[in-house]
Every structure is written in C-alpha cells, then in structure tokens.
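# Architecture at a glance
Single-letter residue listing:
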Amino acid sequence: MELNDWRNAIAHDDFDDPARLGGSTVLHLARVKKWRAACNALARSFDEVMRQYLAKLNGSPPWWES
C-alpha cells in the first residue's frame, strides 16, 4: 500500500497529505531498495507458479528454473 501511495504522489505531484505517505514527504533510497527487493521476490514467485502451471499443462516446463 505504501509503495502505491508513493507512486501516486510522485506521478500526480500530490504531496499534500504526509500522513498517507507514512508521516513524511521525504522518500529515502533505503526504503525504495526494500520495495524493489520485495517486488523482485514477488516476481520470482509469480514466475515459478506460472512455470509449474504451464509444466502441468504441457508436460514439461516452458523455461528452466532460475
């Protein structure tokens, strides 16, 4: 939720509600790196679920495990 709130604030240049942004309108690189790591882990999970699903449909995985 916080990532999306920051994305919207940046995209729409709307920083009028600091409470919505975790109490501050200052975004630090460390927070962005945590979000990126979480998004990367989620993408890897989605990729593995899809690979397994397609392997069941086709009899073999469409790509190698990473």
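Going along each chain's sequence as written, the residues are numbered from 1 onward. The predicted nature of this model means local features are confined to residues of pLDDT at least 70 and side-chain atom pairs, given and counted, to a pLDDT of 80 or more, with totals for whole chains, interfaces and linings taken over all residues. Computation of side-chain values: all heavy atoms of the structure, hydrogens and water removed.

## A short note on the packing of aromatic side chains
Counted only if it meets this: Two aromatic rings, drawn from Phe, Tyr or Trp (for Trp, its six-membered ring), form a pair once their centres lie within 6.5 Å of each other, and the interplanar angle then sorts them: stacked below 30 degrees, edge-to-face above 60, tilted otherwise. Type-normalised accessible area, obtained with a 1.4 Å probe on protein chains alone, sets the label of each residue: buried when under 20%, exposed when over 50%, and partly exposed for intermediate values.
All chains considered together, the criterion is met by one aromatic pair. Centroid distance W6 to F15: 6.2 Å. Interplanar angle 55°. Geometry classified as tilted. Relative accessible area serves as the criterion here: at 2%, W6 is assigned to the buried category.

## Thoughts on the pattern of salt bridges
Note the following rule: The rule for a salt bridge is simple: a side-chain nitrogen of Lys or Arg has to be within 4 Å of a carboxyl oxygen of Asp or Glu.
With the rule as written, the count across this model stands at three salt bridges. Salt-bridge contacts for R20 lead to D14; the nearest nitrogen and oxygen are separated by 3.7 Å. Judged by its relative accessible area of 32%, D14 falls in the partly exposed class. Across the salt bridge formed by E48 and R51, the nearest N and O atoms sit 3.1 Å from each other.

## A closer look at the side chain of D5
The cut-off we apply is this: By the criteria applied, helices consist of DSSP H or I runs no shorter than four residues and strands consist of E runs no shorter than two, each listed in order from the N terminus. By the counting rule applied here, Lys and Arg register as positive and Asp and Glu as negative, while His and the ends of each chain are not counted. Contacts were defined at the residue level, with two residues in contact if any of their heavy atoms lie within 4.5 Å.
Mapping D5 onto the fold places it in helix α1 (residues 2–11). No salt bridge is formed by the buried D5, whose closest oppositely charged neighbour, R20, lies at an N-O distance of 4.9 Å. Excluding residues that lie within four positions of it along the chain, D5 makes contacts with R20 and L21.

## Digging into the environment of P61
Note that P61 resides in the segment after α2 (29–58). Considered as a pair, P61 and R51 are ten residues apart in the sequence and their alpha carbons are 5.9 Å apart. Dropping the residues within four chain positions of it, P61 is found in contact with R51 and A55.

## Comments concerning the environment of A19
Topologically, A19 is positioned in the loop between α1 and α2. Measuring from C-alpha to C-alpha, the distance between A19 and R7 comes to 15 Å, with twelve residues separating the pair along the chain.

## What to know about the packing of α1 against α2
Put simply, the rule is: Here the axes come from fitting lines to C-alpha atoms, over the contacting stretch only for helices, and the angles between their N-to-C directions go from 0 to 180 degrees. Each angle receives one of four descriptions, namely roughly parallel if under 35 degrees, roughly antiparallel if over 145, roughly perpendicular if within 65 to 115, and oblique otherwise. Left-handed describes a crossing in which the near helix is turned anticlockwise from the far one by less than a right angle; the clockwise case is right-handed. Amino acid classes used here: Ala, Val, Leu, Ile, Met, Phe, Trp, Tyr, Cys and Pro are nonpolar; Asp, Glu, Lys and Arg are charged; the rest, including Gly, are polar.
Look at α1 against α2: their axes get within 11 Å of each other, and the N-to-C directions meet at 120°. Considering their axes alone, α1 and α2 lie oblique with respect to each other. For the crossing formed where α1 meets α2, the hand is left-handed. For the pair α1 and α2, the contacting residues are E2, L3 and W6 in the first and R31, W35 and C39 in the second. Looking at the contact of α1 with α2 residue by residue, the classes come out as four nonpolar, no polar and two charged.

Keep in mind these numbers describe shape, not what the thing actually does.
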